[in-house]
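The chain contents come next:
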Amino acid sequence: MATASVPAGIPSVQKIEKKPVSFSNLLLGAGLNMFEVTTLGQPLEVVKTHMAASRGDNIVTAFKKTWGRGGVFGFYQGLIPWAWIEASTKGAVLLFVSSEAEYYARSFGAGNFTAGITGGVIGGVAQAYATMGFCTCMKTVEITRHKQAASGVKPPSTFAVFADIYRREGIAGINKGVNAVAIRQMTNWGSRFGLARLAEQGIRDVTGKKEGEKLSAIEKIVASALGGGLSAWNQPIEVIRVEMQSKKEDPNRPKNLTVAKAAKYIYSNNGIKGLYRGVTPRVGLGVWQTVCMVGLGDMAKEAVAKLTGEVPTGKH
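Parameters at a glance
Residues numbered from 1 in each chain as written. Predicted model: local features only at pLDDT ≥ 70, side-chain atom pairs only at ≥ 80, totals over all residues. Heavy atoms only, no water. Salt bridge = Lys/Arg side-chain N within 4 Å of Asp/Glu carboxyl O. Helix = DSSP H or I, 4+ residues; strand = E, 2+ residues; numbered from the N terminus. Buried < 20%, exposed > 50% of the residue type's maximum accessible area, 1.4 Å probe, protein only.

### Some thoughts on the pattern of salt bridges
Between side chains of opposite charge, pairing is possible as soon as their charged atoms come close. Scanning the model with the defined rule gives 16 salt bridges in all. One salt bridge connects aspartate 164 with arginine 167, and the closest N-O pair in it is separated by 2.9 Å. Taken together, the residues aspartate 164 and arginine 167, both in helix H5 (residues 158-174) and three residues apart, mark about one turn of the helix. Residue classification places arginine 167 among the exposed residues on the basis of a relative accessible area of 62%. Of the charged contacts, one joins glutamate 238 and arginine 241 as a salt bridge, the two residues approaching to 2.5 Å between their closest N and O atoms. With glutamate 238 and arginine 241 both in helix H8 (residues 235-245), this residue pair falls three residues apart, about one helical turn. A relative accessible area of 0% means that glutamate 238 is categorised as buried. Looking at arginine 241, the relative accessible area reads 0%, which means it is buried. Taken together, the shared-partner salt bridges connect Glu45, Lys48, Arg184, Glu238 and Arg241 into one network.

Pasting the structure below:
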């Protein structure tokens with residue numbers, strides 16, 4: 001009996017499948033994010049935010065002033081509950097949305113590289129508006145607000161500050177700077193993905209590995225760390241975000257800041273260098289996040305696979 005065959009020269013149509021999103025994957029992403037932020041993540045975030053808000057301070061001064069606000073606990077301002085809320089939720093949002101966006105991009109004919117960037121960009125924007133807007137706002141408020149402790153007055157709790165902002169300014173108040181967060185996240189994920197892929201290709205060229213051949217754990221960490229570190233090129237939007245959310249007293253700062261107004265204000269006061277304040281701890285933060293999410297992530301995935309029989313897939 002004759003069997004049908006695909007004529008030579010005609011490529012077979014590859015079926016596009018949506019990446020599965022498993023419960024174990026969501027737990028893994030949340031757990032790794034919680035570990036990252038509770039270890040070095042929040043201290044680097046605090047120093048970065050301090051430098052972006054107080055642009056006359058260098059990194060040494062930022063460390064000294066942060067220590068002066070409460071010793072080692074000064075480096076963990078905003079961790080509970082805001083950084084924990086952000087860490088435990090943003091991975092799930094990114095995973096669901098980026099998976100859907102990547103699937104539809106591929107269904108419209110985009111290649112893996114383009115579809116991956118598309119998924120990262122759209123997922124990053126969803127993160128900002130779903131959970132990261134009010135979390136980053138409240139973290140910045142905690143780091144930059146005047147604590148009144150020196151004058152003997154007991155400062156209001158973080159929840160009291162949250163309630164006060166909500167009462168006076170509503171949803172817009174607790175999501176101040178969310179547009180800047182969205183721009184940061186979409187450029188973060190787009191550039192991290194692209195730069196990490198370029199770094200991986202460079203490692204393959206140096207080591208002689210072919211396309212599709214697995215990189216070692218160290219090689220993956222190096223590639224992703226380069227991608228994470230180099231993605232700090234968008235630091236100006238991070239400084240703008242901090243300025244929009246900052247509670248630092250400045251009578252010269254314009255009211256009702258937009259992204260454009262904040263950029264103009266920072267540039268007029270601090271020049272181009274002001275827009276890159278805090279870039280050093282931001283690079284360190286990007287590298288640490290990569291080590292946690294790629295290095296520890298791969299080990300955690302293997303452990304989860306042994307326990308559940310399924311390998312978690314997708315972005316963190």
